[in-house]
Amino acid sequence: MSDISAGQFSIDELENVQITIGKIVGAVEKKAKEEGVEVGPTPKPGISTLRDWDYKLLARYQPVYTPVCDQCCYCTFGKCDLGGNKEGACGINMEAHQARETLLRVITGAAAHAGHGRHILHHLIDLYGKDKPIDVGPSNLVAPNTQAVTGIKPETLGDLEEVMDYVEEQLTQLLATIHAGQEGAASDFESKVLHGGMLDHVGMEVSDLAQISCLGMPKSDPEAPLVEIGMGCIDSTKPVLVVIGHNVAGVTNIMDYIHDHGLEDKMELAGLCCTAIDMTRYQTDQGQKPQAKVIGTLAKELKMIRSGVPDVIVVDEQCVRADVLDEAKKLSIPVITTNEKIMYGLRNRSNDSAADIIEDLSTFKEPGALILDFDVLGEVAPELAIKMSKIREEMGIKALPSEEELQELSAKCVQCGACELDCPDNLPIMAAMKAGVDKDFSKFEYLHDKCIACGRCDQACPKDIPVLNMIEKASQKLIREEKGLMRAGRGQISDPEIREEGVNLVLGTTPGIIAMVGCSNYPNGTKDLYAVADEMLKRNYIVVMSGCSAMDLGMYKNEDGETLYEKYPAKFLAGNLINVGSCVSNAHITGTAIKVAAIFAQRQVSGNYEEIADYITNRIGAVGVAWGAYSQKAASIATGCNRLGIPVVVGPHGSKYRRALIGKPYQEEDWKVYDARDGSEMPIPSSPEFLLTTAESIEELLPMLAKNCIRPSDNNMGRMIKLTHYMELSQKYLGHMPEDWYKFVRMETDLPLAKREELLKILEKDHGWEIDWKRKKILSGPTMKSDVSAQPTNVKRLCKGEC
């Protein structure tokens, strides 16, 4: 051994020594400077760093809380009554308590995505090494959320570890503030909420960057393949292996085994939730046909299990029902868990041979197994499915009732209404039961699409009637025809696409981006998604899909038998329909807005979050729609959009989040910005008029979307286009002109051309405006930052008319 202290050693002896000078220095700024990247004022912001920006947002969009009760049960001081302006034993009041509840929801969702990111990053580094380059397609700005927040411009998988270190440290700090006897101001809880949402988009971005780079997923590909979706696309005559969850890491080993052993045509591999989407993205970047099929969302999980079709179920993490094992056991379906976040109390078989595991599960010695070794998993899952298919067929497993049993079960119903009271959507179950007595099962069919398969009706029934099973049995014909097509997630929007479309978005000639994301807890079935997307696509909006919404949209066809994915192209252009991918791909939606600021407007992006957010708030017409939002992840995704100034509308069930961020259009002092050209303060119309709100119906939603894509930077043509859509949608769906349309008119050329003369007369008569009215200034450089002089030189230059 060499005497290192004396300096007597050779370079060869450093073979296994890792030098981490960059981390020892610990300065993002120094590393960026060495790489020629300019870093802004807030790399790796802490909880308080962007607090002033949050306060600007919260001053305009004030939190509105709707608590379900007046009690706080956080600690053993309580429970405490916080009603009537009372304080709890720790001193907290109702407003701060509700803000704290929101923070808990948001960082739970953010932790789910960050946990996913850390897991798959470690897995892929083990397989490909830290030096594996990040490759998401034709882009130089490969990680817009990461770069804007942390100042880090990642180039390899190893670079993403530092990003995850930051996210996890910040989530720990946020979690600490929830402890009893910590923060007491609702406003600061809300700032922390926005911080957590921002972190969520970084965690999601890391997840998708890693898997796109390593797993052969489409790289900014508008021609990503179309894939089959729906319960009806499954061939139940073959062995059926169903995977459920959101983390495709272990599932890729299953797919490799099936491919390597020529089993593609001998069995069915299908998925539920976002794992299903990512399965169809796996190894398709070179034109390879997707190996897997998509069943659907969380709302299909219990339906699929109770159908008895799966021969084996594999689960990973997130959005997996807690009763999968219990439900599967009833139908002799083995369950394999593959992630430490879901283990169901099963024995860890990771170190056992595949043959022993298959023997034990196929002879029902154990109902399932925990397998964390993905090589073992890759062999066990398909081979077990093939074996179980024969065993279960010989057993004559009966899952759903016969038609005669349907009639008998219908007759057992005493019309007490307990099922309908417990149903989240108050579906007319009693009417279906009444008709079923006479063998009319059509009313059960009506319930099939609207039912989210939560199973609460079964538990509520005093007669133990399996209501969900009856709905599914009566809907067998519908289920067989339940076949659609979904475009596999294309990944990030590329830099060239941003350069082509950015100017149209900022000036408003492309009316806006409608991002339809979120879960499957819809108020009136899945067809509403089709109605909204189709309407906005016809009006030349860019419609972006992800996750559950992307899946459900593929289930409906027009009169020509086409899904919207077949009808509309998938480039980032006006009138195009884009599926970016799974839940973690939501980062590409906010990333697109950041790219517009960075690439089109030449804003410095690294560590410059506030300026980027300010640009997006005032210039990019984008609205998120989480029509079926139910999860903590949906809350964190929406909140990350909110910190960038992007408004989000949730469906009626979203009111159960118990909080909204709503502006007051009648308070004119709230609706002012500064002109970046000269620093003068200018009034603007109230759009977006909220950051988070609820709509009760799609009729209310559609004009709301058009209105809240209006931005101060719209030129005359853009404002005319947006105002036309707002007026037309209001008249079409609400039966009247919007009451506030005149507030968005700066000069006569903003008015819809076809109705300009008519509207001018209305302005004269009803609003006291003369023909030679004083024209309002059109803002090419609106900003919420009062210190305009502090903006970079290129910003001032661009604001002379180019931005």
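Residues numbered from 1 in each chain as written. Predicted model: local features only at pLDDT ≥ 70, side-chain atom pairs only at ≥ 80, totals over all residues. Heavy atoms only, no water.

Asker: Help me out: how do you make sense of empty space enclosed by the protein in this one?
Answerer: Over the atoms, a rolling probe the size of a water molecule traces out where space has been left empty. Enumeration over the complete set of coordinates arrives at seven cavities of 30 Å³ or more. Taken as a whole, the largest cavity encloses approximately 190 Å³ of empty space. What lines the largest cavity is a set of 23 residues, among which Ala515, Ile589, Gly624, Cys641 and Ile646 lie closest to the centre. Class assignment for the residues of the lining of the largest cavity results in 18 nonpolar, five polar and no charged. (1 Å grid on protein atoms, 1.4 Å probe; cavity = no way out; pocket = protein on both sides within 12 Å on 5 of 7 lines; lining within 4 Å. Points joined across faces, edges and corners; volume = space filled by probe spheres on them. Nonpolar A, V, L, I, M, F, W, Y, C, P; charged D, E, K, R; others polar.)

Asker: I keep staring at the sheet that holds strand 18 (residues 672-675) and nothing clicks. Help me out?
Answerer: Strands sit in the order 19-18-21 across an open sheet of three strands; the sheet is antiparallel. Both edges of this open sheet fall to strand 19 (681-683) and strand 21 (782-783), since each of them pairs with a single strand only. (Pairing = 2+ DSSP bridges. Helix = DSSP H or I, 4+ residues; strand = E, 2+ residues; numbered from the N terminus.)

Asker: Teacher, can you tell me more about the side chain of Thr783 here?
Answerer: For Thr783, the location among the structural elements is in strand 21. By relative accessible area, Thr783 is classed as buried at 1%. Here the side chain of Thr783 touches Asp614 through a polar contact of 2.5 Å, side chain to side chain. (Buried < 20%, exposed > 50% of the residue type's maximum accessible area, 1.4 Å probe, protein only. Polar contact = N/O pair within 3.5 Å; in protein donor to acceptor, adjacent residues only side chain to side chain.)

Asker: Which parts of the structure should I look at to understand the environment of Glu681?
Answerer: On the secondary structure map, Glu681 appears in strand 19. With 103 residues separating them along the chain, Glu681 and Met784 place their C-alpha atoms 9.5 Å apart.

Asker: How should helix 8 (residues 251-260) be read in this particular structure?
Answerer: One full turn of an α-helix is made of 3.6 residues, so residues set three or four places apart face in the same direction. Of all ten residues in helix 8, seven are buried, a share of seventy percent or more. Within helix 8 the residues assigned to the buried category are Val251, Thr252, Asn253, Ile254, Met255, Tyr257 and Ile258. Buried-residue contacts for helix 8 involve strand 5 (240-244), strand 6 (268-272), helix 9 (274-281), strand 8 (312-315) and helix 13 (374-395). Within two residues after helix 8, Gly262 carries a phi angle of roughly 60 degrees, on the positive side. (Contact = heavy atoms within 4.5 Å.)

Asker: Teacher, can you tell me more about the packing of helix 7 (residues 186-214) against helix 27 (residues 632-643) here?
Answerer: Packed helices, taken two at a time, are described by their axes: the angle between them and the distance between them. Look at helix 7 against helix 27: their axes get within 7 Å of each other, and the N-to-C directions meet at 105 degrees. Relative to helix 27, the element helix 7 is oriented roughly perpendicular. Taking contact as the criterion, the partners of Ser191, Val193, Leu194, His195, Gly197, Met198, Asp200, His201 and Met204 in helix 7 are, on helix 27, Lys633, Ser636, Ile637, Thr639, Gly640, Cys641, Asn642 and Arg643. Partitioned by chemical class, the residues of the contact of helix 7 with helix 27 number six nonpolar, eight polar and three charged. (Axes fitted to C-alpha atoms, helices over the stretch in contact; angles between N-to-C directions. Parallel < 35°, antiparallel > 145°, perpendicular 65-115°, else oblique.)

Asker: Where do I start with the sheet that holds strand 16 (residues 648-650) in this structure?
Answerer: The strands that make up a sheet are held in pairs by hydrogen bonds between backbone atoms, and each pair lies either parallel or antiparallel. One open sheet holds the eight strands; their spatial order is 1-17-20-16-15-12-13-14, and the pairing between them is mixed. The sheet is open, and its two borders are formed by strand 1 (62-65) and strand 14 (577-579), each paired with just one other strand. Strand-to-strand twist across the sheet, computed as the mean angle between neighbouring axes with direction ignored, equals 25 degrees.

Asker: For this particular structure, what's the right way to read the packing of aromatic side chains?
Answerer: Aromatic rings in a pair are described by how distant their centres are and how their planes are angled relative to each other. Within the structure shown, the criterion is met by three aromatic pairs. Summarising the aromatic geometry, the rings of Tyr61 and Trp671 are spaced 5.9 Å apart at their centres and angled 75 degrees between planes, so their arrangement reads as edge-to-face. Of this pair, Tyr61 sits in the loop between helix 3 (51-60) and strand 1 while Trp671 is found in the loop between strand 17 (659-662) and strand 18, placing the two residues 610 residues apart along the sequence. Comparing Tyr61 with Trp671 shows no difference in burial state: the two are buried. Ring centres of Tyr726 and Phe744 lie 6.1 Å apart, and the angle between their planes is 90 degrees; on these two criteria the pair is classed as edge-to-face. Placement of Tyr726 in helix 29 (residues 716-734) and of Phe744 in the loop between helix 29 and helix 30 (756-767) is noted, with a sequence separation of 18 residues between them. We classify Phe744 as buried; its relative accessible area is 1%. When the ring centre of Tyr74 is taken as origin, the NZ or CZ atom of Arg100, which lies over that ring, is 3.8 Å away. (Phe/Tyr/Trp six-rings, centres within 6.5 Å; stacked < 30°, edge-to-face > 60°. Lys NZ or Arg CZ within 6 Å of the ring centre and 35° of its normal.)

Asker: Could you clarify how one ought to interpret the layout of surface pockets in this entry?
Answerer: When its volume is computed, the largest pocket comes out at roughly 620 Å³. Breaking the lining of the largest pocket down by element, the ones donating at least two residues are helix 10 (301-306), helix 13 and helix 20 (476-480). It is helix 13 that contributes the most residues to the lining of the largest pocket, four residues altogether. Grouping the amino acids of the lining of the largest pocket by side-chain chemistry returns eight nonpolar, seven polar and nine charged.

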